[in-house]
Amino acid sequence: MSNNAPIRKLPANLQGKDYVVGDLHGCFSLLERLLDAVHFDKSQDRLFSVGDLIDRGPDSLRCLQLLEESWFYAVQGNHENMMLNFFLPYLLNGNLDRLKDVAGTGFLDYGGDWVKSYYHAGKKSMLPEFNRALTMIPKMPLMWIVGAGENRFHIIHAELVRPDYRTSQPAAWVDSDIDRWLAEQTIPPDVEDRLLWSRTLMLSESCALDKAKIQPGLSPTFCGHTCSTRPRQVLSHVCVDTGAFVSLESDPEADGNYGLTLFDVQASRWVSASYRRNDVAWGEH
Ligand SMILES: [Mn+2]
């Protein structure tokens, strides 16, 4: 399997635990607090990220550098996808006359302006530590398939929703569709677009974990992209984005329950950390 494959597969973790973390958006220190709280063991535990490592928060580059760790597995979010499209000409020819959005990707306006501090105008290039992180983004898949049978789960950024023209009910793609894409090493473009951007399920149908509707045939599928104050579920999707960067806002009216969530896959419990609290908060259903 090529290391640029859009869907990749990993065996179950027989020694340690598997965790999923919500959209980091540069909130590296919140992740450190959570890994401490669960006594994360880098020698045998694994951390899966639902993507959007960058933009909005204070430490985007440090979050991207997690991709170098042997225990860290991430999928591309729409923010990495925008960043990749923005830098594609630079990756190809190594020359950056100006830091300007010539391709119209919207990257700089959607939180990507942090990259400006890594631009070296005299050399018409980005700084070396930035380049090293940038070259890892094309290697991020759009989906991880982990384990098999009853223990199988998926990691994606947004949604596996499919248009269902026979009824008005939303439906999701199932394991056999995913296995077919894996065998063909390709994801249909409309599916790829929803994997990165869709909020159809999460905005319309999601609810607490214990009341969730299951999509028959689809293994638990962890995702992010759309934030709320608690993990929630619909059609086998478990959304763990609880708005890490929202907790940066000092607005006293803002809901204090936003933060970064770390979800223990096997135990189905989670812990969250917020810039607005000093302690971490545990939750389970
Ligand atoms: Mn997103």
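What this report covers is the structure whose coordinates are included nearby.

1. Brief notes about helix α5 (residues 175-184)
Those residues of α5 not exposed but buried are D175, D177, I178, W181 and L182. Viewed along the axis of α5, the buried residues span an arc of 160°, placing them on a single side of the element. In α5, the exposed positions angled more than 90 degrees off the buried face are occupied by S176 and A183. Backbone geometry just after α5 places Q185 at a positive phi near 50°.

2. Some remarks on unusual backbone geometry
At H39, a position not held by glycine, the phi torsion is positive, near 55°. Within the secondary structure layout, H39 lies in the loop between α1 (28-37) and β3 (46-49). Looking at H39, the relative accessible area reads 68%, which means it is exposed. Backbone geometry at D52 places phi at a positive 55°, although glycine is not the residue there. Checked against the element boundaries, D52 lands in the loop between β3 and α2 (60-65).

3. Notes on the coordination of the manganese ion
D52 (OD), N78 (OD1), H157 (NE2) and H225 (ND1) make up the full set of protein donors to the manganese ion, lying at 2.1 to 2.2 Å. All donors to the manganese ion come from one chain, and their sequence spacing reads D-x25-N-x78-H-x67-H. In this pair, H157 sits in the loop between β8 (153-155) and β9 (161-162) while H225 sits in the loop between β11 (221-223) and β12 (232-234), placing the two residues 68 residues apart along the sequence. Accessibility expressed as a relative area gives 0% for H157, which makes it buried.

4. Here's the deal with the nonpolar core
If you look at the biggest cluster of nonpolar residues, it comprises 48 residues, and the most contacted ones within it are L47, M83, F87, F107, W114, M126 and F130. Mapped by element, the contributors of at least two residues to this core are β2 (18-21), α1, α2, β4 (72-74), α3 (78-93), α4 (128-134), β14 (260-264) and β15 (269-273). With six residues, α3 is the single largest residue contributor to this core. Excluding residues that lie within four positions of it along the chain, W114 makes contacts with I54, D55, S60, L61, L64, M83, F107 and F130. The next biggest cluster of nonpolar side chains, apart from the first, holds 24 residues, and it includes L160, V161, I187 and L235.

5. Some remarks on the sheet that holds β11
Hydrogen bonds along the backbone pair up the strands of a sheet, which may run parallel or antiparallel. Across the sheet, which stays open at both edges, the six strands sit in the order β1-β7-β8-β11-β13-β12 with mixed pairing between neighbours. Each end of this open sheet is capped by a strand with a single partner; those strands are β1 (7-10) and β12. With strand direction ignored, the average angle separating the axes of adjacent strands in the sheet is 25°. As judged from the four bridges shared by β1 and strand β7 (residues 143-146), these two strands associate in the parallel manner. Following the sheet pairing, R8 is matched in β7 by W144. Helix-sheet contacts for α5 involve β1, β7 and β8, and the interaxial angle to β7 is about 110°.

6. As for the pairing of β14
Where burial is concerned, most of β14 is hidden: five out of the five residues are buried. Of the two faces of β14, the one holding L260, L262 and D264 and the one holding T261 and F263 are both buried throughout. Relative to β15, β14 runs antiparallel, the two sharing five bridges. Looking at β15, one finds that T261 is bridged to S272. Between β14 and β15, which pair antiparallel one after the other, the connecting turn spans four residues, and S268 there sits at a positive phi close to 55°.

7. Digging into α3
The end-to-end C-alpha distance of α3, which contains 16 residues, comes to 24 Å, matching closely the 22 Å that a straight helix rising 1.5 Å per residue would cover. Of all the bends found along α3, the most pronounced is centred on F87 and spans about 50°, while P89, a proline, follows it within four residues. Following α3 by one or two positions, G94 adopts a phi angle in the positive range, close to 70°.

8. Focus on the pattern of salt bridges
Applying the stated rule across the entire model yields nine salt bridges. In this structure, R162 engages D177 in a salt bridge whose closest nitrogen and oxygen atoms are separated by 4.0 Å. Taken together, the residues R162 in strand β9 and D177 in helix α5 connect sequence positions 15 residues apart. Residue R162 is classed as partly exposed on the basis of its relative accessible area, which comes to 28%. Its relative accessible area of 8% is what places D177 among the buried residues. One network of salt bridges, in which partners are shared, links R152, D175 and D179.

The rules behind these values
- Residues numbered from 1 in each chain as written.
- Predicted model: local features only at pLDDT ≥ 70, side-chain atom pairs only at ≥ 80, totals over all residues.
- Heavy atoms only, no water.
- Buried < 20%, exposed > 50% of the residue type's maximum accessible area, 1.4 Å probe, protein only.
- Helix = DSSP H or I, 4+ residues; strand = E, 2+ residues; numbered from the N terminus.
- Arc of directions from axis to C-beta.
- Donors = N, O, S within 2.8 Å, 3.2 Å for Na, K, Ca; no water.
- Core = buried A, V, L, I, M, F, W, Y, C linked by side-chain atoms within 4.5 Å.
- Contact = heavy atoms within 4.5 Å.
- Pairing = 2+ DSSP bridges.
- Axes fitted to C-alpha atoms, helices over the stretch in contact; angles between N-to-C directions.
- Expected span 1.5 Å × (residues − 1).
- Bend = angle between axes of the 7 residues up to and from the residue.
- Salt bridge = Lys/Arg side-chain N within 4 Å of Asp/Glu carboxyl O.

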